[in-house]
Amino acid sequence: MSNGQTKRGLAQLLVLTGSLLLLCIPGQAKDLPSAARPHPAEKRLLVIAPHPDDESLAGAALIHKTLQEGGSVRVAVMTNGDGFRRAASEQFHLPKAEASDLYRLGLLRQQEEVTAAKQLGLQEQDILFLGYPDAGLRHLWSGHWSRQAPYTGLNGFNHVPYRRAFRHGSPYCGQAVTDDLRRILTAYRPTHVLYPDPHDVHGDHWASSAFTQYALAGLPLTPVESTYLIHYPQFPKPQSYRPAHPLQQPKGLEDIGIRWRSVPLGGHEVQQKRSAILAHQSQIQVMKDLLTSFVRQNDLIGKSSIPLLQNGGPASELLDPAGDQSGDAAVDIRKLTVSRRGEQLRLCLDLARPVSSEHRVTVRLRMPQAQGGETSQLEVKVHQRKLNITSYPELNSRVQHPLFWQLQGERFLLTLPMSTFRNMGCLMLETEVKQGTSVDRTAWRRLYL
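What you see is a predicted model; the values in this text were computed from it and never measured. (Residues numbered from 1 in each chain as written. Predicted model: local features only at pLDDT ≥ 70, side-chain atom pairs only at ≥ 80, totals over all residues. Heavy atoms only, no water.)

Considering the overall build of the chain
- Regarding its fold elements, the chain presents eleven helices and 18 strands.
- By element, 49% of the accessible surface of the chain is carried by carbon and sulfur atoms, the whole surface being about 18,900 Å². (Helix = DSSP H or I, 4+ residues; strand = E, 2+ residues; numbered from the N terminus. Areas by Shrake-Rupley, 256 points an atom, 1.4 Å probe, with all protein chains shown as cover.)

Considerations on unusual backbone geometry
- Each neighbour pair has its own omega, and for Phe235 with Pro236 the value is -15 degrees, a cis peptide bond.
- Note on placement: Pro236 falls in the loop between strand 5 (224-228) and strand 6 (259-264).
- The backbone of Asp53 sits at a positive phi, close to 115 degrees, despite the residue not being glycine.
- Positionally, Asp53 belongs in the loop between strand 1 (44-49) and helix 2 (54-58).
- Overall, the relative accessible area of 5% leaves Asp53 in the buried class. (Buried < 20%, exposed > 50% of the residue type's maximum accessible area, 1.4 Å probe, protein only.)

Some words on the pattern of salt bridges
- A full pass over the atoms with the stated rule returns 18 salt bridges.
- Asp53 is paired through a salt bridge with Arg109; the nearest N and O atoms lie 3.2 Å apart. Of the two residues, Asp53 is situated in the loop between strand 1 and helix 2 and Arg109 in helix 5 (residues 99-119); the sequence distance between them amounts to 56 residues.
- In this structure Arg109 comes out as buried when scored by relative accessible area, which is 2%.
- The salt bridge involving Arg364 is made with Glu379; its shortest N-O contact spans 2.9 Å. On the criterion of sequence distance, the pair formed by Arg364 in strand 11 (residues 360-367) and Glu379 in strand 12 (residues 376-383) is long-range, its members being 15 residues apart.
- Three or more residues are tied together by salt bridges with common partners; here these are Arg364, Glu379, Lys381, Glu430, Glu432, Lys434 and Arg441. (Salt bridge = Lys/Arg side-chain N within 4 Å of Asp/Glu carboxyl O.)

Some details on the sheet that holds strand 8 (residues 316-319)
- Across the sheet, which stays open at both edges, the five strands sit in the order 8-9-10-15-14 with antiparallel pairing between neighbours. Here the strands that pair on one side only, and so sit at the sheet edges, are strand 8 and strand 14 (404-408). When the angles between neighbouring strand axes are averaged without regard to direction, this sheet yields 15 degrees.
- Judged from the four bridges that link them, strand 8 and strand 9 (residues 333-341) form a sheet pairing that is antiparallel. Residue pairing across strands places Ser316 opposite Val338, the latter belonging to strand 9. (Pairing = 2+ DSSP bridges. Axes fitted to C-alpha atoms, helices over the stretch in contact; angles between N-to-C directions.)

Some thoughts on the packing of helix 5 against helix 10 (residues 281-292)
- Contact geometry of helix 5 with helix 10 gives a least axis separation of 9 Å together with a crossing angle of 100 degrees. Considered as vectors, helix 5 and helix 10 are oriented roughly perpendicular to each other. Residues Leu105, Leu108, Arg109 and Glu112 of helix 5 pack against Gln281, Ser282 and Gln283 of helix 10.
- Residue classes in the contact of helix 5 with helix 10 are distributed as two nonpolar, three polar and two charged. (Parallel < 35°, antiparallel > 145°, perpendicular 65-115°, else oblique. Contact = heavy atoms within 4.5 Å. Nonpolar A, V, L, I, M, F, W, Y, C, P; charged D, E, K, R; others polar.)

Quick look at helix 3 (residues 60-68)
- Looking at helix 3, one finds that the buried residues are Ala60, Ala61, Leu62, Ile63 and Thr66.
- One or two residues past the end of helix 3 sits Gly70, with phi positive at roughly 85 degrees.

Comments concerning the packing of helix 4 (residues 85-92) against helix 10
- Two numbers describe how helix 4 lies on helix 10: the axes approach to 9 Å, and their chain directions differ by 110 degrees. Between helix 4 and helix 10, the interaxial angle falls into the category roughly perpendicular. Of the residues in helix 10, those touching helix 4 at Arg86, Ala87, Glu90 and Gln91 are Ser282, Gln283, Gln285 and Val286.
- Of the residues belonging to the contact of helix 4 with helix 10, the class tally is two nonpolar, four polar and two charged.

Section: the side chain of Ser316
- Inspection of the secondary structure puts Ser316 in strand 8.
- Apart from residues lying up to four places away in sequence, Ser316 is in contact with Pro307, Leu309, Leu336, Thr337, Val338 and Leu447.

With respect to the pairing of strand 12
- Counting buried positions over the eight residues of strand 12 gives six, a clear majority of the element.
- Alignment of strand 11 against strand 12, held across seven bridges, turns out to be antiparallel. Within the sheet, the bridge partner assigned to Met367 lies in strand 12 and is Ser376.
- Sheet topology places strand 12 next to strand 13 (residues 386-391); six bridges connect them, and they run antiparallel. In the sheet register, Glu379 faces strand 13, and the bridge partner there is Thr390.

Considering the packing of aromatic side chains
- Inspection of every chain in the model, using the stated rule, returns ten aromatic pairs.
- Ring centres of Tyr103 and Tyr162 lie 5.1 Å apart, and the angle between their planes is 15 degrees; this geometry places the pair in the stacked category. With a gap of 59 residues between them, Tyr103 in helix 5 and Tyr162 in the loop between helix 6 (137-142) and helix 7 (174-188) connect regions that are remote in the sequence.
- When its relative accessible area of 1% is taken as the criterion, Tyr162 is described as buried.
- Here Trp145 and Phe211 contribute two aromatic rings whose centre-to-centre distance is 5.9 Å and whose plane-to-plane angle is 20 degrees, an arrangement assigned as stacked. Here Trp145 is found in the loop between helix 6 and helix 7, whereas its partner Phe211 is found in helix 8 (residues 203-217), with 66 residues between them in sequence. (Phe/Tyr/Trp six-rings, centres within 6.5 Å; stacked < 30°, edge-to-face > 60°.)

In short, the description is geometric, and any link to function would need to be established separately.
Printed below as a string of structure tokens:
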């Protein structure tokens, strides 16, 4: 990153105060035992789970491997899984689950998570419940960032209602999620982080991926980053209990730059993983085939490169899966190419078919900040040859020069002035193309400047 003295000074401050933050984090973090305090030579794995059960489904092998090597593991559970009406109805024998029933389900799923964690060799204090809204994380990321405009979850609350939560009473907003993740990261200082793959099609999963990337970008930490996949078309295949078979990488994500690694599980570890999954009884009774289909001989762990955009350096290509659009087949993004040339940031979006003025093209950019406050956002929309720019107030003075854009065959070209990103060392971006009912989006990814 190229943020100069300000960034280096912040990095030194955060490193020096890291141990103090262990004592200051509210909720569960203050109860971490002395054995949980980071040791410089110790392998420390942080698993980000959108719901109770995701660490059991996809992280069992890495958790076991870390513990076997003498390392430590923490699991940050983003939601209590309190938005699943069908599960609440089945669990409590109700014709229709109300908000209060979903809250009860959230309490139950917390206990199921503790039971499952013990099957994996973890203890209750290794689990951090953040308590944000199930089926709502994407809304916190996309539309409810500010503490002044919290989201109301399906459980009827607009704040974290669980007493066991990392920060009880925290508002349902993107800024609060980011603050929690940065507190955990700074206190625990993980050497490895496992979080959902950005291509996961479940809104809570891709949003958890985006929040994790955003939080990491604002801290002086360089852990090994890996991703896992739960929700994707025809994955796992078949969706049934196959403990003697390997888990194969998803077909749609084979050739887009993700390096998939198989982490093996021995016979005893397979049974441990199965026991952990079965501990989530409220979920087993409504989607047993999906959950038990992850009981295989291995877990799959993905790794993607994080581009560094240097002035005049090679362009970075972010490939998008073919045929992953919703609606008809009119829109399909192939890749997004990003480069720096002098005082310009250039984005080139390649589609499978020619782009016309009927396409609605949207480019969303976020600039992670190391400290609190509103996030910096910029959204550029082009439709019927009209360009519309929206941004948070702090960016308005920077977008002074006309943006250049062009539709050219199968390509949409956009050029932004680098002055827009002055003193910012990281960008996160997503693109979206619509035509009629067809929509395709690229995954939220981050790039360093």
